Amino acid sequence: MYGGIRFFDIEPEDTSVEKNITINYLGKDYYPSTIKFAPHNGSWRIQLKGDPGDGTQELSKFGNDGDFVHKILVFEKITSTYYMLSLVEESELDRLKSLSKVWARNGSSTSSKAYGML
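Figured I'd write up the structure that's included with this text. Residue numbers run consecutively from 1 along every chain, following the written order of its sequence. A pLDDT threshold of at least 70 governs which residues receive local features in this predicted model, and a stricter bar of 80 or more applies before side-chain atom pairs are shown or counted, although totals over entire chains, interfaces and linings include all residues. Computation of side-chain values: all heavy atoms of the structure, hydrogens and water removed.

1. What about a positive patch on the surface?
Distance thresholds for patches are 9 Å for like charges and 5 Å for nonpolar side chains (Val, Leu, Ile, Met, Phe, Trp, Tyr), applied to residues having over 30% relative accessible area and no salt bridge. Here the Shrake-Rupley method, with its probe set to 1.4 Å, supplies the accessible areas, and only the displayed protein chains count as covering residues. When a carboxyl oxygen of Asp or Glu is within 4 Å of a side-chain nitrogen of Lys or Arg, the pair counts as a salt bridge. Charged-residue counts in this description rest on Lys and Arg as positive and Asp and Glu as negative, His and the chain ends being excluded. Think of each charge as sitting on NZ of Lys, CZ of Arg, CG of Asp or CD of Glu. Together, R45, K97, R105 and K113 make up a positively charged patch on the protein surface. For helices the rule is a DSSP run of H or I covering at least 4 residues; for strands it is a run of E covering at least 2, with both sets numbered from the N terminus onward. Among the structural elements, R45 can be located in strand β3 (residues 43-47).

Quick look at the structure:
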């Protein structure tokens, strides 16, 4: 199984690819958020950043302020370059697992990330 990177329409084997996407969060579009391969740890990363273009804070500030800590980040694909982001409380993890078609981790270490498909 290839993992979640295919959700973003990226071939997992092509580690030279970087893709900029727009993320809609709390009703604002943030661009660019960059998806790229991190060779130092051998995994794909999504950089939650981007400017809403209206003078308010960038998407990365929500992460820096702790808004994403102990939350489940749910991405809904609208197009190949446009995604909606919503947050779910960590206490809902078992319910989301039960609803998922796929559930896995991107490694076996304690720092590996879980992902699923609803």
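2. As for the side chain of K19
Among the structural elements, K19 can be located in strand β1 (residues 18-25). Here K19 sits buried without a salt bridge, and the closest side chain of opposite charge, D9, lies 4.5 Å off (N-O distance). Whenever two N or O atoms come within 3.5 Å, that pair is a polar contact, provided that in protein one can donate a hydrogen and the other can accept it, and provided that, for residues adjacent in sequence, both atoms are side-chain atoms. Among the polar contacts made by the side chain of K19, one reaches the main-chain carbonyl oxygen of F8 at a distance of 2.7 Å. In this structure the side chain of K19 is engaged in a polar contact, spanning 2.8 Å, whose partner is the backbone oxygen of S80. Not counting residues up to four positions away in its chain, the partners in contact with K19 are F8, D9, I10, S33, T34, I35, S80, T81 and Y83. Under the scheme applied here, a residue whose accessible area is under 20% of the maximum for its type counts as buried, over 50% as exposed, and between as partly exposed, the area being computed with a 1.4 Å probe on protein chains only. Throughout, a residue-residue contact means that at least one pair of heavy atoms, one from each residue, lies within 4.5 Å.

3. Thoughts on the environment of S80
Structurally, S80 can be placed in the loop between β4 (71-79) and β5 (82-89). C-alpha of S80 to C-alpha of T22: the two residues are 58 residues apart in sequence and 9.6 Å apart in space. Contacts of S80, omitting those with residues within four sequence positions, involve F8, D9, K19 and I21. Only 2.8 Å separates the side chain of S80 from the side chain of D9, close enough to count as a polar contact.

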